[in-house]
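Letter by letter, the chains look like this.
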Amino acid sequence: MMSRTARLTDVDRGRLAESYPDVFRPSPWQRVKALTVIVALVGMFLFGMVWLGFSFEKLATGIGRLGVVVGLMFPPSSGGLLHLYLKGLAETLAIAFLGTMLASLLAFPVAFVAAKNVVGQRILHFLSRRFLDTIRGVDTLIWALIFINVVGLGPFAGILAVAMSDFGTFGKLFSEAIEAADTGPVDGVTSTGGSVLHEIRFGIVPQVLPIMLSQVLYYFESNTRSATVIGIVGAGGIGLYLSNEIHQQNWDRVAFLIVIILITVAAIDYVSSRLRFALIGRAVIAHD
Amino acid sequence: MLLGHYSAAVAAKRRRALLFALAVALCATLAVWGGEVDLRKFVEGLPRLWSYFHDIMPKLRLTHFSADFAEWFWNWDVWLSLLAETLLVAYVGTFLGATIGFALCFLASANLVKNAFARACVRRSLEFCRTVPDIVFALLFVYALGLGPVPGVVAIAIHTTGALGKQLAEVVENIDMKQVEGVRSTGATWVEQIRFAVVPQVLSNFVSYTLMRFEINVRGASVMGFVGAGGIGQELLSSIRQFYYSDVSAILLMIIVTVSVIDLLTERLRHRLLGIEGRQ
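Residues numbered from 1 in each chain as written. Chains lettered and ligands numbered in written order. Predicted model: local features only at pLDDT ≥ 70, side-chain atom pairs only at ≥ 80, totals over all residues. Heavy atoms only, no water.

Details of the interface of chain A and chain B
A common way to express how large an interface is: the accessible area buried when the components associate. The following threshold applies: Throughout, a contact is declared for two residues whenever any of their heavy atoms are within 4.5 Å. Buried area counts how much accessible surface, traced with a 1.4 Å probe, disappears from two parts once they are put together, with both parts' losses summed. Any carboxyl oxygen of Asp or Glu within 4 Å of a side-chain nitrogen of Lys or Arg constitutes a salt bridge here. As used in this structure description, the phrase polar contact means that two N or O atoms lie within 3.5 Å; if the pair is within protein, one of them must be able to donate a hydrogen and the other to accept it, and residues adjacent in sequence are counted only when both atoms belong to side chains. Starting at the N terminus, helices and strands are each numbered in turn, a helix being any DSSP run of H or I of at least four residues and a strand any DSSP run of E of at least two.
On the side of chain B, 65 residues touch chain A, which itself brings 64 residues to the contact. Counting the surface lost from both chain A and chain B, the interface buries some 5800 Å², and carbon and sulfur atoms represent 77% of this. Inspection of the region where chain A meets chain B yields two salt bridges. The salt bridge partner of B:D263 is A:R136, with a shortest N-O separation of 3.6 Å. Our count for the contact surface shared by chain A and chain B stands at two residue pairs in polar contact (both at pLDDT 80 or more). Per element, the largest residue contribution to the side of chain A that touches chain B is nine residues, and it comes from helix 7 (residues 140-151) of chain A.

Regarding the packing of aromatic side chains
Quick note on the threshold: Two rings from Phe, Tyr or Trp (for Trp, the six-membered ring) form a pair when their centres sit within 6.5 Å of each other. Planes less than 30 degrees apart are called stacked, planes more than 60 degrees apart edge-to-face, and all others tilted. Using a 1.4 Å probe on the protein chains alone, a residue whose accessible area is under 20% of its type maximum counts as buried, one over 50% counts as exposed, and one in between counts as partly exposed. For a lysine, the NZ atom is tested; for an arginine, the CZ atom; a charge sits over a ring if that atom is within 6 Å of the ring centre and within 35 degrees of the ring normal.
Evaluated as defined, the whole model comprises 18 aromatic pairs over all chains. With a centroid separation of 6.1 Å and an interplanar angle of 10°, the aromatic rings of B:F137 and B:F141 are classed as stacked. Within this pair, B:F137 and its partner B:F141 are both found in helix 6 (residues 134-145), separated by four residues, close to a single helical turn. As far as the burial class goes, B:F137 and B:F141 line up, both buried. Members of the aromatic cluster, joined through ring pairs, are A:F45, B:Y91, B:F95 and B:F214. In this arrangement the basic side chain of B:R195 is found over the ring face of B:F196, its NZ or CZ atom lying 4.8 Å from the centre.

So, a nonpolar patch on the surface
All names here are of chain A. Let me state the cut-off plainly: Patches here: salt-bridge-free residues with over 30% relative accessible area, like charges joined within 9 Å, nonpolar side chains (Val, Leu, Ile, Met, Phe, Trp, Tyr) joined within 5 Å. Here the Shrake-Rupley method, with its probe set to 1.4 Å, supplies the accessible areas, and only the displayed protein chains count as covering residues.
A cluster of nonpolar side chains, namely V37, I38, L41, V42 and L46, defines an oily patch on the protein surface of about 420 Å² accessible area. Mapped onto the elements of the fold, V37 is located in helix 3 (residues 28-51). Exposure remark for V37: the relative accessible area of 47% places this residue in the partly exposed category.

Observations concerning the domain arrangement of chain B
Note the following rule: Where each domain starts and ends comes from a domain assignment, either automatic or drawn from a database.
In terms of domain boundaries, chain B breaks down into domain 1 (1-36) and domain 2 (83-279). Averaged C-alpha coordinates put domain 1 of chain B and domain 2 of chain B at centres separated by 40 Å.

Quick look at helix 9 (residues 190-224) of chain B
Spelled out, the test is: Helix span is expected to be 1.5 Å times the residue number reduced by one. To get the bend at a given residue, fit one axis to the seven residues ending there, fit another to the seven starting there, and take the angle between those axes.
With 35 residues, helix 9 of chain B ought to run about 51 Å at 1.5 Å a step, yet its terminal C-alpha atoms sit only 39 Å apart, falling short of that. By the largest-angle criterion, B:V199 marks the main kink of helix 9 of chain B, which is about 60°, and a proline, B:P200, follows within four residues.

A word on the domain arrangement of chain A
The domain boundaries assigned to chain A delineate domain 1 (2-54) and domain 2 (82-280). Placing the centre of domain 1 of chain A and that of domain 2 of chain A at their C-alpha centroids yields a distance of 43 Å.

Points about the pattern of salt bridges
Where charged atoms of side chains with opposite charge meet at close range, the side chains can pair. Inspection of every chain in the model, using the stated rule, returns twelve salt bridges over all chains. The residue A:E176 makes a salt bridge to A:K172 at a minimum N-O spacing of 3.6 Å. Of the two residues, A:E176 and A:K172 are both situated in helix 8 (residues 155-179); the distance of four residues between them amounts to about one turn of the helix. Residue classification places A:K172 among the partly exposed residues on the basis of a relative accessible area of 23%. Bridged by salt links that share partners, the residues A:R130, A:D133, A:R136, B:R219 and B:D263 form one connected network.

Some remarks on the confidence of the model for chain B
For clarity, the cut-off: The score called pLDDT rates the predictor's confidence residue by residue, from a low of 0 to a high of 100.
Per-residue pLDDT for chain B has a mean of 83; in total, 95% of the residues score no lower than 70. Within chain B, helix 3 (residues 65-72) of chain B has the poorest average pLDDT of any element, 74, and helix 4 (residues 76-105) of chain B the best, 90.

Quick notes on the environment of B:Q234
Residues and elements named next belong to chain B. By the element assignment, Q234 lies in helix 10 (residues 233-241). On the accessibility criterion, Q234 (42% relative accessible area) is partly exposed. For the pair Q234 and S185, spaced 49 residues apart in the sequence, the C-alpha separation amounts to 57 Å. Contact partners of Q234, with chain neighbours within four places excluded, come to G225, F226 and G228.

Structure representation (structure tokens):
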């Protein structure tokens, strides 16, 4: 191996350097540019640390306290509240499931309006897209707070919150899927004298339905995760117990709750990725 | 003959669709029962939703527009600094998380680390960081580090480490190994192999994923204040809870505009990066 290396440096390097000057000697301009970006990023980071009041002293005591907490977490224990926790977990799953379902049902028709190629109205397209973006820009927890004012505390507010924020996401994703659909089948339906609704039903829907379903499944997964925290603001699910136990510093119960959440999320992940695989094969969907 | 096959195929498809619909309906019924869905409550609440949105709308009159607008955003300087804090929390958290995740992703890749046990350890801890929601970490750290933006930053950093580390490990596992072999044949160490053979292949993906994560973290940082972990969330929470209607809409508007601007900027940047990538 050494001899090969030696030969490479002796014979080829000069010629290679001549033919690929960019690789061997990047222009100073490029160097300066890369350096500036790095310095700016790191500078911003240091500035942020100072502004936000990071101090190693505080961090060290914090880590000490965290160590104590982690020590108290073992062994995890349900403290005799297993049935309550399981009920909370069921509520969490119900919130994620119904919220995702409601959102996909609502977003399905809207997506056709928001897609460029179906309605073909530029203003309508623009307005519906901005509307969906606005809904998407508000976090699920904020929607939960708003819906608590409307329907009161409890899982129902959580369902509506998940449905609302996913409505924005699905509307965008679905309309992108519709825009990417092949026009061939649509033309075929048109040529037999089909109306616009026929075109949508027989030309577009069969193409986009599997994609939409797999996106819905993916979001069901991620909604299970967000539905676990929605209880922190009082909108149902296991998050309520989690935040209560943290506030009351029952660390063994906190650990127990985290463990059952992890198990549930892993199980849902497994099932839904299997289903998604069956639906569309190993296609890539945007990760959250 | 052909028609018979056709109708058989269609019937099979119909049966499958029906089965699927039944399964979904069953799950939905169970969920309705478990989620305490009450349609009456919803119908009663619906007009309240409408009036809520009506109430939080500012009272703007064209004749006194500037005065009304100033009244709507009466606390704008405080909100703006809180918004800046939110962005900084997201930035510092993303930076920390991306740096650690970047370092760890190579250790979690099957093609670079042959030791299955070490790899599994890194993978499982990344998955743990990813699955626990950032706001749960924030709750824990608020207890350990005290109220303020620092626990928010740490929570976001940990979640980002997990999410980015896992995504990047997948990218690293799909690289072209010939370049690694080429660099290894010159006698380069493991770190040098990664620096000169792996990093150039994954850098653009890495930057693009990090930008996407920053976008998500800005949204996440906007609610960190709900648990006392800094940013504008605290202010939003108290104005919603105390029914300061016009404040709610003002803060929401500021959040939405910020999130949209960040979305737009990162999308531009990502497209430019991918464009550069495509040209090479």
